[in-house]
Amino acid sequence: MSNNKLISASALLVCFAYMVCADTPNGGAHLMKQPSKEFVEQCEKEIGVTLQDLHNSNEDNEKKMCFHRCLATKDGYISADGVVNIERIKEYLASNPEKPNNIDAITSCLETVGRVSSCQDMVKMKNCFKP
């Protein structure tokens, strides 16, 4: 994959399924796939939080954002150095049966997020998926 396809942004992935789906009100569209059980368990251990703890919290606290960043990194939506793989996200969104009508807007927003260098950068990424 070329560097042109990788855009430095603090957005995506995990964000998606992990943040958007987890935080979407009842009946909302699920934009991303569910993370693998293996990735969830690894991130729970790395971050020191359980998925149940995250579901019980409505706030975007540090542990929640770190968990989302961990999943996004493991799924390849964000590189280890914080570069968002916008092409990967865009391809997934386009192939999703519940694909959003605003893929271009999401992509444009992700391009402005910058490098995901901290857990709180995931909030910027998450905001790109709000209707």
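Quick notes on the rules
Residues numbered from 1 in each chain as written. Predicted model: local features only at pLDDT ≥ 70, side-chain atom pairs only at ≥ 80, totals over all residues. Heavy atoms only, no water. Helix = DSSP H or I, 4+ residues; strand = E, 2+ residues; numbered from the N terminus. Contact = heavy atoms within 4.5 Å. Areas by Shrake-Rupley, 256 points an atom, 1.4 Å probe, with all protein chains shown as cover. Disulfide = S-S within 2.5 Å. Buried < 20%, exposed > 50% of the residue type's maximum accessible area, 1.4 Å probe, protein only. Salt bridge = Lys/Arg side-chain N within 4 Å of Asp/Glu carboxyl O. Axes fitted to C-alpha atoms, helices over the stretch in contact; angles between N-to-C directions. Parallel < 35°, antiparallel > 145°, perpendicular 65-115°, else oblique. Left-handed = near helix turned anticlockwise from the far one by under 90°. Nonpolar A, V, L, I, M, F, W, Y, C, P; charged D, E, K, R; others polar.

A. View of the overall build of the protein. A tally of helices and strands in the protein yields seven helices and zero strands. Listing the helices and strands of the protein from first to last along the sequence gives α-α-α-α-α-α-α. For the protein, the proportion of contacts with a sequence separation of at least 24, taken over those separated by at least 6, is 70%. Looking at the protein as shown, the accessible area adds up to about 6900 Å², and 48% of this sits on carbon and sulfur atoms.

B. Focus on the state of the cysteines. Following the criterion strictly, the structure yields three disulfides and no others. Put simply, C43 and C70 are joined by a disulfide, and their sulfur atoms are 2.0 Å apart. On the sign convention where negative is left-handed, the bridge of C43 and C70, at about -85° about the S-S bond, is left-handed. Pair noted here: C43 is in helix α2 (residues 37–47) and C70 is in helix α4 (residues 62–74), with a separation of 27 residues, a long-range link. Across this residue pair, the class does not change: C43 and C70 are buried.

C. Geometry of the pattern of salt bridges. Taken as a whole and assessed by the stated rule, the structure comprises three salt bridges. Where E46 meets K74, a salt bridge forms, and the shortest distance between an N and an O atom there is 3.0 Å. Here E46, found in helix α2, pairs with K74, found in helix α4; they are 28 residues apart in sequence, far enough to count as distant. The exposure class assigned to K74 is partly exposed, which follows from its relative accessible area of 29%. Here R115 and D81 are joined by a salt bridge, their closest N and O atoms 3.5 Å apart. Of this pair, R115 sits in the loop between α6 (103–113) and α7 (121–127) while D81 sits in the loop between α4 and α5 (86–95), and the two are 34 residues apart along the sequence. Here R115 falls in the partly exposed class, since its relative accessible area comes to 37%. What makes D81 partly exposed here is its relative accessible area of 49%.

D. Highlighting the packing of α2 against α4. Axis separation between α2 and α4 bottoms out at 9 Å; the angle between their running directions is 135°. If you check the angle between α2 and α4, you find them oblique. The way α2 lies across α4 gives a crossing that is right-handed. Here F39, V40, Q42, C43, E44, E46 and I47 of α2 come into contact with α4, specifically with K63, C66, F67, C70, L71 and K74. Among the residues forming the contact of α2 with α4, the class breakdown is eight nonpolar, one polar and four charged.

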